[in-house]
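Understanding the architecture of this molecule
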Amino acid sequence: MTEYKTIRIVLIAAFALFGAFLGTSRIADAGSAGEINAGVNTTLDRFYRQIPGARELASRAAGVLVFPTIVKAGMGFGGEYGEGAMRSGGKTVGYYNTVAASFGFQLGAQARSVIIMFMTPDALAAFHRVDGFKIGVDGSVAIITIGAGGAIDTEKVTSPVIGFILDPKGLMYNLTLEGSKISRISR
């Protein structure tokens, strides 16, 4: 069985279990292009309002990949799934999903938003060259934390690919995207 099929089975089982547990079937629903774009707009607006310097940084990026909602659920084994869009020049240029599986002690479900910025054309081209970009294998994403004063020091951002992880309250710290697989989807 391929790695993708294994991850997919784990995700389906985890989402079915937690969908029944939480009484909702919307957890793993696929979004339409309009729904994804609306979520991307809302996520970026919140990001720009909460983090000084974020809009300037995004305007310098060759591409900005936004996953408005990534749901992670687990009971012993778990998975996460989310859908998003790539923006370049302020316009949506493609739709993507992210998938990851995990094993170990875990119980519950949580949602988060992820924003990945490709700061150079070369970094964006490297992302597009592979079918199913695996973070930590095909490339790394430097998770950005906020400095004193709550702003991004855009002059100190030197990594070609940077990421931000947000929960409903704001920026989250000490998290990783390692092991996540990002694939293009059609919408």
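Residues numbered from 1 in each chain as written. Predicted model: local features only at pLDDT ≥ 70, side-chain atom pairs only at ≥ 80, totals over all residues. Heavy atoms only, no water.

With that settled, consider the overall build of the chain. Each helix and strand counted, the chain has four helices and seven strands in total. What you see in the chain, going N to C, is helices and strands ordered as α-α-α-β-β-α-β-β-β-β-β. Counting all 187 residues of the chain, 47% fall into the buried class. A fraction of 73% describes how many contacts in the chain between residues 6 or more apart in sequence connect residues 24 or more apart. Carbon and sulfur atoms make up 55% of the accessible area of the chain, which totals about 9700 Å². (Helix = DSSP H or I, 4+ residues; strand = E, 2+ residues; numbered from the N terminus. Buried < 20%, exposed > 50% of the residue type's maximum accessible area, 1.4 Å probe, protein only. Contact = heavy atoms within 4.5 Å. Areas by Shrake-Rupley, 256 points an atom, 1.4 Å probe, with all protein chains shown as cover.)

A word on the nonpolar core. By size, the foremost hydrophobic cluster in this structure holds 24 residues, and its most contacted members are Phe-47, Ile-115, Met-117 and Phe-164. With five residues, helix H2 (residues 33-50) is the largest single contributor of residues to this core. Not counting the four nearest positions on each side in its chain, Ile-115 is found in contact with Thr-43, Leu-44, Phe-47, Val-64, Leu-65, Val-66, Ile-162, Gly-163, Phe-164 and Leu-166. Among the nonpolar cores identified, the runner-up in size contains 19 residues, and Ala-62, Phe-67, Ile-116 and Ile-165 belong to it. (Core = buried A, V, L, I, M, F, W, Y, C linked by side-chain atoms within 4.5 Å.)

With that out of the way, let us pick up the pattern of salt bridges. In the structure shown here, the tally under the stated rule is two salt bridges. The shortest N-O distance in the salt bridge between Arg-112 and Glu-80 comes to 2.9 Å. Placement of the pair is Arg-112 in strand E2 (residues 91-118) and Glu-80 in strand E1 (residues 63-88), with a sequence separation of 32 residues. In this structure Arg-112 comes out as buried when scored by relative accessible area, which is 9%. The salt bridge involving Glu-83 is made with Arg-187; its shortest N-O contact spans 2.8 Å. On the criterion of sequence distance, the pair formed by Glu-83 in strand E1 and Arg-187 in the segment after strand E7 (181-185) is long-range, its members being 104 residues apart. On the accessibility criterion, Arg-187 (41% relative accessible area) is partly exposed. (Salt bridge = Lys/Arg side-chain N within 4 Å of Asp/Glu carboxyl O.)

Let us look at the packing of aromatic side chains. Counted under the stated rule, the structure contains four aromatic pairs. Geometrically, the ring pair formed by Phe-47 and Tyr-48 is tilted, given 6.1 Å between the ring centres and 40 degrees between the ring planes. (Phe/Tyr/Trp six-rings, centres within 6.5 Å; stacked < 30°, edge-to-face > 60°.)

This part takes up the pairing of strand E5 (residues 161-167). Burial of E5 is extensive: six of the seven residues sit out of reach of the surface. Here strand E4 (residues 142-143) pairs with E5 via two bridges, running parallel. Note that in E5 the partner of Ala-142 across the bridge is Ile-162. (Pairing = 2+ DSSP bridges.)

Bringing the side chain of Ser-113 into the picture now. Along the polypeptide, Ser-113 turns up in strand E2. Only 3.2 Å separates the side chain of Ser-113 from the side chain of Arg-46, close enough to count as a polar contact. Engagement of the side chain of Ser-113 in a polar contact is seen with the backbone oxygen of Pro-68, the distance being 2.4 Å. Leaving out residues up to four positions away in the same chain, Ser-113 has contacts with Thr-43, Arg-46, Phe-67, Pro-68, Phe-164, Ile-165 and Leu-166. (Polar contact = N/O pair within 3.5 Å; in protein donor to acceptor, adjacent residues only side chain to side chain.)

The next subject is the confidence of the model for the chain. Mean pLDDT over the chain: 78, with 68% of residues reaching 70 or higher. Residue range residues 16-28 is modelled with pLDDT below 50. Its contacts to residues more than four positions away, or to other chains, number 14 contacts. (pLDDT = per-residue confidence, 0-100.)

Glancing now at the environment of Thr-98. Locating Thr-98 in the fold gives a position in strand E2. Sequence-wise, Thr-98 and Lys-181 are 83 residues apart; in three dimensions their C-alpha atoms are separated by 5.4 Å. The contact partners of Thr-98, leaving out residues within four places of it in the chain, are Phe-67, Ile-70, Glu-80, Tyr-81, Gly-82, Ser-180, Lys-181 and Ile-182.

Glancing now at the environment of Leu-166. Mapped onto the fold, Leu-166 is located in strand E5. For Leu-166, a relative accessible area of 0% gives the class buried. Taking the C-alpha atoms as reference points, Leu-166 and Ala-111, 55 residues apart in sequence, are found 9.1 Å from one another.

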